[in-house]
Amino acid sequence: MTKVLIVVGERPQQKSVLVEALRRFREQGAAVGIVGDFDPDELGLEPGLAEVRALPVEPADPRLRRRLARVPEPSRALWLRVWAETWVRRRLRAADVLVALDPTAVHAVWELAQRQPRADACNGIGAAGRLVQARQEGTHRVARTSVRLSARTGIVVRGARRTAVTGARQSLEVALAPAVLRSRAGGRLWRAAVAAPGLPERVRAALAYRVHLGSVQAGRPGLAAATTAAATGRIAGGKGRADLLTREATAELDLGHVPVCLTTAVAAELALADQFLARQPARAAKSLYKALRLLFHRVPHFDQLSSPLAEQPVEFLAPLLASATARAATTPRGRRTPPATPPADRPLRLLIMTNGSAHFLQEIKQRYAETPGVELRYLHLADDPVAAPLTHQPAGIVEHLVAGQSEYGNRVEEWLRPHLDWADTLFVDWCVAAAAMTTLVDPGDTRIVMRLHSFEAFSYWPHLIDFSRVDDLVFVSDHLRDFTREVVPALTGDRAPALHVVSNAMDLRRFERAKDPAARFTLGLIGTSAVAKDPRWAIEVLRLLRADDERYRLVLVGGGLDVEASASVRRYQAALSADLAEFEPTGAITRIGHVDDVPEVLSGIGVILSSSVRESFHCALVEGAASGAVPVVRDWPFFAGRPTGAHTLFPADWVVGTPAQAAERIRAVTASEAVWRSEGAAAAEHVTKTWDWSVVQHDFDELFLPGRRH
């Protein structure tokens, strides 16, 4: 005899259909039990059709009443009331078929199915009738995993469709609870549900989005990727696929996660761009810009301790490099005339321009303002009433590159042309908006020199710069040059600019101050405003040192993290706050915020740390070494496995791989005051002879004034 258990969450709307089905069940030798929220008298069932159990409106158990008071979802509340019934648990042990009569009952039946795995579960009285008939005819297969999965998929697909159509979102919330998604059965159920045939595309996309996001929040990114792949395989239109994938990726970024389908979403958006390229280039440009913003969002590259671009650059950039629209945007346009020979009958006109931080330009501006034979102009675009608004329109840059012309490009030409006509050499610091705007315009015979810092290599800006119009590109280190050349194809080939490595301009002599003996046990980390600085690594070094010697302490210099930037920054800040709470009360860690007189702060620091995961050069470390502090440099993970990195920029004994190795080096160099002062003096001598402005300025002279004697 087949035993059927039906759960009812809402008042039955078609009682005649239910009664007719129950009669067929009786004829087929099935025993039926019905439990739920209804008045048995309203059904008017004839004797012998079913055993009915109506749930009490007010449960007798006070604990259940308190629990129900905290549960707003009707479907979840129904499940709690159903499971509280001894009658239900007894019937479940012998049940062969479990039936959800309405969407509100879906969750309860799903829960019951987990407790009786040999039973089939379905949604709707029609599906139940087919299962009972199959059992009577002997054609029913034993309910193994695949059969149970199929049955449960029926629950969710039909329940989800009704939920989406009728707006009964609360039932769906419970079915998408983390506990459900973490279970193997729940994951398989939803993966099959989003790919079920017959779902309207709007419903499929909405359901897939909810499952994807819920899976990520439940800690199952693999399930998120699988359900998305299953859903997009059933979505016919390229726009529908791109919209779903982009929405999912954006939601994950809002959660502070690197999206599991990031490159898939980018590829879908770029495929859409390619469809529009020939007929509607402006529309193609919009999709390209959308894809670039996803691919180079701050969360994957700046708010984590790793970056997919650094770990797998070829795979990460593959969708961009394969896109016809991206190729159209990065096609070299070159210049009509080569740069002119520097004038011999008048001063060289040098224009320095930036729309980034001017911190690295102070010594450069001062030198060439005072150099005979040079006429200097300086322009910060934020101070230019015409240029400033243009720097905030990257979409305009993308449209111009794709279409080959635009009103935006005309405005840039009108603003920039007078500057190009005046300058013999234009030096653009930071390869961001100012650099991209510059190469929208043919520079004529003006020589174009640009400098790229670490930040830009992990952004979309280098991909919007026409480097065929740039004569010289400057980096501050070999490893930054090598990495950028790997991730920006335009920096290789016949039309690429000349690449130079010239260190930052730093006046290191001003850091030479006497150190107090107490500084010997004081570690310093200057710059803590970015996750990439990873101050927690420095704190771990301190923790290891203080396990043996509590004289060691750590000074953190600089502003804190911007917790409004992303959820991933907030998570890092929460962990950092816990570390600080461990040490600050005892005075082992001191935070002093932003300071103007860095040399004075360094006079009290005996060991200078670089705990970063990536750096282009790390001026603060070199300045600390110039003060006589002993340098301890983490082998920056973004570059550690490459031919060039911290291990080639600095002396080998400065660089360590782990906090334990850092602690070992610190113990050795602070073993005595004599050793500590000797190591500090050697470090100061090395950095001053190698990177002081008195040395580096000659490299800039060769860059800006080649062939002249200085």
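Description of the structure in this document. (Residues numbered from 1 in each chain as written. Predicted model: local features only at pLDDT ≥ 70, side-chain atom pairs only at ≥ 80, totals over all residues. Heavy atoms only, no water.)

Side note on the pairing of strand 10 (residues 472–475)
At step 1: What you see with strand 10 is no split at all: Asp-472 and Val-474 on one side and Leu-473 and Phe-475 on the other are buried throughout.
At step 2: Where strand 10 lies against strand 11 (residues 498–501), four bridges are found, and the strand directions are parallel. When the bridges of strand 11 are listed, Asp-472 appears paired with Ala-498. (Buried < 20%, exposed > 50% of the residue type's maximum accessible area, 1.4 Å probe, protein only. Helix = DSSP H or I, 4+ residues; strand = E, 2+ residues; numbered from the N terminus. Pairing = 2+ DSSP bridges.)

Brief notes about the packing of aromatic side chains
At step 1: One pass over the full model with this rule turns up 18 aromatic pairs.
At step 2: On the basis of an interplanar angle of 75° and a centroid distance of 5.2 Å, the ring pair of Phe-521 and Tyr-552 is categorised as edge-to-face. Separated by 31 residues along the polypeptide, Phe-521 in the loop between strand 11 and strand 12 (522–526) and Tyr-552 in the loop between helix 28 (535–546) and strand 13 (553–557) bring together distant segments of the chain. Across this residue pair, the class does not change: Phe-521 and Tyr-552 are buried.
At step 3: On the basis of an interplanar angle of 85° and a centroid distance of 5.8 Å, the ring pair of Phe-650 and Trp-691 is categorised as edge-to-face. Of this pair, Phe-650 sits in the loop between helix 32 (646–649) and strand 17 (655–656) while Trp-691 sits in helix 34 (residues 673–691), and the two are 41 residues apart along the sequence. Across the pair, Trp-691 and Phe-650 agree in class, each one buried.
At step 4: Chaining the aromatic ring pairs together yields one cluster made of Tyr-368, Phe-427, Trp-693, Phe-700 and Phe-704.
At step 5: Arg-89 extends its terminal NZ or CZ atom over the ring of Trp-83, reaching a point 5.8 Å from the ring centre. (Phe/Tyr/Trp six-rings, centres within 6.5 Å; stacked < 30°, edge-to-face > 60°. Lys NZ or Arg CZ within 6 Å of the ring centre and 35° of its normal.)

Considerations on the pairing of strand 9 (residues 447–451)
At step 1: In terms of residue burial, strand 9 counts as a mostly covered element, since five of its five residues are buried.
At step 2: Of the two faces of strand 9, the one lined by Arg-447, Val-449 and Arg-451 and the one lined by Ile-448 and Met-450 are each fully buried.
At step 3: Examined bridge by bridge, strand 8 (residues 425–429) and strand 9 share five bridges and lie parallel to one another. When the bridges of strand 9 are listed, Thr-425 appears paired with Arg-447.

Some details on the layout of surface pockets
At step 1: As a volume, the largest pocket reaches approximately 1,500 Å³.
At step 2: Considering the residues around the largest pocket, the lining is formed by 45 residues, among which His-359, Phe-360, Gly-527, Ser-529 and Lys-533 are closest to the centre.
At step 3: When residues of the lining of the largest pocket are traced back to their parent elements, those giving at least two are helix 21 (362–370), helix 26 (454–457) and helix 31 (619–626).
At step 4: Broken down by element, the residue count for the lining of the largest pocket peaks at three residues, all from helix 31. (1 Å grid on protein atoms, 1.4 Å probe; cavity = no way out; pocket = protein on both sides within 12 Å on 5 of 7 lines; lining within 4 Å. Points joined across faces, edges and corners; volume = space filled by probe spheres on them.)

As for helix 34
Since one α-helical turn is 3.6 residues long, residues separated by three or four positions face the same way.
At step 1: The end-to-end C-alpha separation of helix 34 is 27 Å, in line with the 27 Å expected for 19 residues at 1.5 Å each.
At step 2: Considered for burial, the residues of helix 34 that qualify are Trp-676, Gly-680, Ala-683, Ala-684, Val-687, Thr-688 and Trp-691. Angularly, the buried residues of helix 34 cover 125° about the axis, an arc narrow enough to put them on a single face. Within helix 34, the exposed residues directed more than 90 degrees away from the buried face are Ala-674 and Lys-689.
At step 3: Structurally, helix 34 contributes buried residues whose contacts are with helix 31, strand 16 (630–634), helix 32, helix 33 (659–669) and helix 35 (693–704). (Expected span 1.5 Å × (residues − 1). Arc of directions from axis to C-beta. Contact = heavy atoms within 4.5 Å.)

Focus on the side chain of Asp-429
At step 1: Looking at the element boundaries, Asp-429 is found in strand 8.
At step 2: At 2.7 Å, the side chain of Asp-429 forms a polar contact with the side chain of Arg-451.
At step 3: In contact with Asp-429, other than residues within four places in its own chain, are Met-353, Thr-354, Ser-357, Phe-360, Leu-361, Arg-451 and His-453. (Polar contact = N/O pair within 3.5 Å; in protein donor to acceptor, adjacent residues only side chain to side chain.)

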